[in-house]
Amino acid sequence: MKDTKKKPAGIRHLAKYPAAAALFGVVAGTAHAAEVELKTVEVKATQASQNGTADTYVAPTVSVGRTKQEARDVPQSVTSVTNQVMHDQDANTLKEALRNAVGVTFNAAEGGASGDGIRIRGFGASNDLYLDNFRDSAQYNRDTFNTDTLEVLRGPASMLYGRGSTGGIVNQVSKAPFRGDLNQLSTTIGTDSFYRAEGDFNRAIGESSAARLTVMGQKAGSFREGAEMNRWGFAPSVKIGIGEPTEITLSYLHYQEDNVPDYGVPYYRQGPGVRTVLDKNGKPVQQPVPSESLHGTNKPIDRVDTFYGLKDFDSEKTRTDVLSAIVQHQLAPNMVLKNSTRYGQYDLDLRASAPGLSFANPNEVLSDSTKITRGRKLRQREQEILSNVTDLLWDFETGTIRHNVLAGVELTRETLLSTGRAQLMNGTASNCTLPSTTVGNPVTGGVPNCAAPVKTGEAESTADTVAFYFQDMIDLDTKWKILLGARFDNFKAHTENRDANGVQTSRLGRTDNVWSWRTGLIYQPDQQQSYYLSYGTSFNPSAEAYSTDPRGEKTDPEKNANYELGGKWNLFDGDLALRAALFRTVKTNERQTDIEVGVPKPFLLSGKRHTDGVELEAAGRLTDKWQVFAGVALMDPVIDKVAGTTPKSREGNMPDNAPRYTGNVWTTYQIDGNWKLGGGFNAMGKRYTGTDNVVYLPSYVRWDAMAEWSNRDLSVQLNVYNLFDTDHYEGLYAGFAVPGTGRSARVTVGYKF
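Residues numbered from 1 in each chain as written. Predicted model: local features only at pLDDT ≥ 70, side-chain atom pairs only at ≥ 80, totals over all residues. Heavy atoms only, no water.

Student: What am I meant to see in the overall build of the protein here?
Tutor: Secondary structure summary: the protein contains five helices and 41 strands in total. Split into buried and exposed, the 753 residues of the protein put 54% on the buried side. Approximately 31,600 Å² of the protein is accessible, and the part contributed by carbon and sulfur atoms is 54%. (Helix = DSSP H or I, 4+ residues; strand = E, 2+ residues; numbered from the N terminus. Buried < 20%, exposed > 50% of the residue type's maximum accessible area, 1.4 Å probe, protein only. Areas by Shrake-Rupley, 256 points an atom, 1.4 Å probe, with all protein chains shown as cover.)

If you want it as structure tokens, here you go:
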């Protein structure tokens, strides 16, 4: 029977572990370590709730390393956002859930892109999103209706996943069938015309099989009146042979969006002034700052609740279909062979209006009557990812040394058809001109006199990956472990460009052969403590996002490395997990442009940047009634070296969208058998929009709260977001920023039967 006695406070328990107390002293204050004898603690698995997922904030195991293992055996920083955290916060999108992962920031439609754009430790990670350890790099806004856990593995991880992962990767772990029955429905209504319904149904089929179905539908407006977030989806899955030597899992995900996209508000800059650029000989040339850059306070315009798009004209439509088959067979008591196949098809049709400021003359002062222009963003993509991964898991001994081997082969083909489009005026051949508006009184309705988009050209990209990898976790004795891993990638990519009539105009491509490494030393004096020192590498080819241009065709991959020292502690019989890490993530040869008119020169691989930092995190139960999920990342991101036409004065500056700190606290308390209260905050430091470190998003702290009443199978939950209605900005791009939500509320009624 579970011990129900009140646990001691977390800070007193830390006194038993001097290293933990020292590392957590940054945020917890001074904690004097007492010299006490460590008692033996029995390790227990976290009890699962009736829906087949963990009912606490701590995830004792992770699957982000391609195989399920204890979090303490991963010599890198890992954050697991469990289903219970997402439930208590009513976090139904990937972005909302990732606010719990420190060091993560968000982009806003970077380069006209759509969907989830994220950065980890200041490095781009939009192409480093995974679904059940398969690459999920398409452009769409991910929902959590079929997500059991979100895992964030920080630092380069090309040994596990191939190209990318400079700052880390995000892995979405899907809900899976389990032996048991579940019928669960929920409906949500909220401010700003928010309506949502979800269903989760599981059925046992005999003693060793089960089937599960999750469904979702949502229609939602925004506090920025005009934007919409409408979506629906369903995900059936079946697992055959649960607990038997051969286990087969089949799953399918269908997901669609029909949104009115929000490109936020434009920036304005201080002035007047001058800027320095270099001519082709490298000499400085003084040029006036353009008039539209001379105004304001180097921040977004103060209109967080004002929508500048065209709500009757703009649209963002996506369709996602993912089919998976996993066959796992136990060849011997200590050997498992696993083959996983994934086919994903992703379609995007984006028609958006991006706002910009237009001043009549250099002396105009920003006001409600200042002109807002609208740039047309047209993007159409048809993307497919077909991947097959074979893993061999082998546990054996050589003398007194135990080996836990992971060996695998990956075969992946990715294709992308990007269609260039233009929108013309009805009845004429001239380009469609979107109506302008003003800062203070925007006109967002109506349909301009524009024809349907027409094709101007297309680019078809293909990327083939053939890779093999080998990793050995070596148990030297009961306390010391060594991790050694290597992967070889053959990455071949090409792009065929065609005109509007489908005639090929160019074909560009390159092949990269790259080795990636991962190593770590782990010291575990007992079942509660784990300390590690690790090193890992990754690479970013010029065709990482598929497209190949004349310069990229001639450019070798970027190289990255991560150095990390950390500790992990399991307290209160595994109910509370703490971790701390000191790290340096380095990009040693960043691509930068060297422009010479008429000459397609390679990118210069002579840039360099790094991020130093410390991370602290706590997740789990402090008592049987009190849960907490908290973390802080203190970072020092620096541009070490620039090349080409980039001004040398930017050396020493901060990269874009890389704050010096992020932090979050979320906690809940079960008052009695019916009532639970909770709340917390997210904090974000100042972020620059460019490497010149002029325009920036201000720092902010946002508070949220919740209350839940439950009785048997019925529950009613209230979530209030941005409790103090703090103006803040979440996503950024060079020309505009997307505000975070104003004060809003949702009520969810759930029923299990």
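Student: Even after reading the chapter, I still don't get the side chain of Arg 72, so can you show me in this structure?
Tutor: Inspection of the secondary structure assignment puts Arg 72 in the loop between β2 (69-70) and β3 (78-82). An unpaired buried charge is present at Arg 72: no salt bridge exists, and Glu 70, the closest side chain of opposite charge, is 4.4 Å distant. Among the polar contacts listed, one links the side chain of Arg 72 to the backbone oxygen of Gln 529, at a separation of 2.9 Å. In this structure, Arg 72 is in contact with Ile 522, Gln 524, Asp 526, Gln 527, Gln 528, Gln 529, Ser 530, Lys 568 and Asn 570, ignoring residues within four places of it in sequence. (Lys, Arg positive; Asp, Glu negative; His and termini not counted. Salt bridge = Lys/Arg side-chain N within 4 Å of Asp/Glu carboxyl O. Polar contact = N/O pair within 3.5 Å; in protein donor to acceptor, adjacent residues only side chain to side chain. Contact = heavy atoms within 4.5 Å.)

Student: Looking at this structure, how should I read the nonpolar core?
Tutor: It is characteristic of soluble globular proteins that their nonpolar side chains tend to be buried jointly. Among the nonpolar cores identified, the biggest contains 22 residues, and Leu 98, Val 104, Ile 118, Ile 120, Leu 150 and Val 170 are the most heavily contacted of them. Elements with a minimum of two residues in this core: α3 (83-89), α4 (94-98), β4 (104-107), β5 (118-120) and β9 (147-154). With three residues, α4 is the single largest residue contributor to this core. Excluding its chain neighbours within four sequence positions, the residues that come into contact with Leu 150 are Thr 79, Ser 80, Val 81, Leu 94, Ala 97, Leu 98, Val 170, Asn 171 and Gln 172. If you look at the next biggest cluster of nonpolar residues, it comprises 17 residues, including Ala 138, Ala 235, Leu 253 and Ala 493. (Core = buried A, V, L, I, M, F, W, Y, C linked by side-chain atoms within 4.5 Å.)

Student: What is the right way to read the sheet that holds β4 from this model?
Tutor: What links the strands of a sheet is backbone hydrogen bonding, and the strands pair in either a parallel or an antiparallel sense. Reading across from one edge, β6-β5-β4-β39-β40-β16-β19 is the order of the seven strands in this open sheet, with mixed pairing throughout. On the outer flanks of this sheet lie β6 (123-124) and β19 (299-300), each paired with one strand and no other. Note that β4 and β5 share three bridges and pair antiparallel. Among the inter-strand pairings, Val 104 is bridged to a residue of β5, identified as Ile 120. (Pairing = 2+ DSSP bridges.)

Student: Sorry if this is basic, but what is going on with the pattern of salt bridges here?
Tutor: Pairing between side chains of opposite charge can happen when the charged atoms of each approach one another. As enumerated under the stated definition, the model contains 48 salt bridges in all. Put simply, Arg 142 and Asp 116 hold a salt bridge, and the shortest N to O gap is 3.1 Å. Highlighted residues: Arg 142 in the loop between β8 (134-135) and β9 and Asp 116 in the loop between β4 and β5, separated in sequence by 26 residues. Judged by its relative accessible area of 6%, Asp 116 is buried. For Asp 636, the salt bridge goes to Arg 660, with nearest N and O atoms at 2.9 Å. With Asp 636 in strand β32 (residues 626-641) and Arg 660 in the loop between β32 and β33 (661-670), this residue pair connects regions lying 24 residues apart in the sequence.

Student: Is there a simple way to think about the pairing of strand β11 (residues 182-190) in this case?
Tutor: On a regular strand, one side chain projects to one face of the sheet and the next to the other, so that they alternate. With nine bridges connecting them, β11 and strand β12 (residues 194-205) associate as antiparallel partners. Pairing of Gly 190 across the sheet is with Phe 194, part of β12. Between β11 and β12, which pair antiparallel and follow one another directly, the connecting turn spans three residues, one of which, Asp 192, has a positive phi of 60 degrees. Two elements, β11 and strand β41 (residues 744-752), share seven bridges in a ladder whose sense is antiparallel. Paired with Leu 185 across the strands is Tyr 751, a residue of β41.

Student: Got a minute to help me understand a negative patch on the surface in this structure?
Tutor: Together, Asp 302, Asp 305, Asp 725 and Asp 727 give the surface a local cluster of negative charge. By the secondary structure assignment, Asp 725 is in the loop between β38 (714-721) and β39 (729-732). (Patch = residues over 30% accessible without salt bridge, like charges linked within 9 Å, V, L, I, M, F, W, Y side chains within 5 Å. Charge placed at Lys NZ, Arg CZ, Asp CG, Glu CD.)

Student: What is the right way to look at the packing of aromatic side chains in this model?
Tutor: Aromatic rings considered in pairs are described by the distance between their centres and by the relative angle of their planes. The tally for this structure, following the rule as stated, stands at 18 aromatic pairs. Ring geometry for Tyr 263 against Phe 736: centres 5.1 Å apart, planes inclined by 45 degrees, an arrangement best described as tilted. One end of the pair, Tyr 263, is in the loop between β15 (246-259) and β16 (265-268); the other, Phe 736, is in strand β40 (residues 736-739), with 473 residues separating them in the sequence. The exposure class of Tyr 263 is buried, given its relative accessible area of 4%. For Phe 736, a relative accessible area of 5% gives the class buried. Ring centres of Trp 394 and Phe 396 lie 4.3 Å apart, and the angle between their planes is 40 degrees; on these two criteria the pair is classed as tilted. An aromatic cluster of three or more residues is present, and its members are Phe 468, Phe 488, Trp 515 and Trp 517. Just above the ring of Phe 583 sits the side chain of Arg 121; from NZ or CZ to the centre is 3.5 Å. (Phe/Tyr/Trp six-rings, centres within 6.5 Å; stacked < 30°, edge-to-face > 60°. Lys NZ or Arg CZ within 6 Å of the ring centre and 35° of its normal.)

Student: Where do I start with the confidence of the model for the protein in this structure?
Tutor: The predicted coordinates should not be examined in detail at positions where pLDDT is low. Confidence along the protein averages 87 in pLDDT terms, with 86% of residues attaining 70 or more. Every residue in residues 272-296 scores below 50 in pLDDT, and together they form 50 contacts with partners more than four places removed in sequence or on other chains. In the model, residues 594-599 has pLDDT below 50 throughout and makes five contacts with residues more than four positions away in sequence or in other chains. (pLDDT = per-residue confidence, 0-100.)

Student: Looking at this structure, how should I read the environment of Ser 237?
Tutor: Position of Ser 237 among the secondary structure elements: in strand β14 (residues 231-240). Expressed as a C-alpha distance, the spacing of Ser 237 and Leu 213, which sit 24 residues apart in the sequence, is 6.4 Å. Beyond its immediate sequence surroundings of up to four residues, Ser 237 is in contact with Lys 175, Pro 177, Ala 210, Ala 211, Arg 212, Leu 250 and Ser 251.

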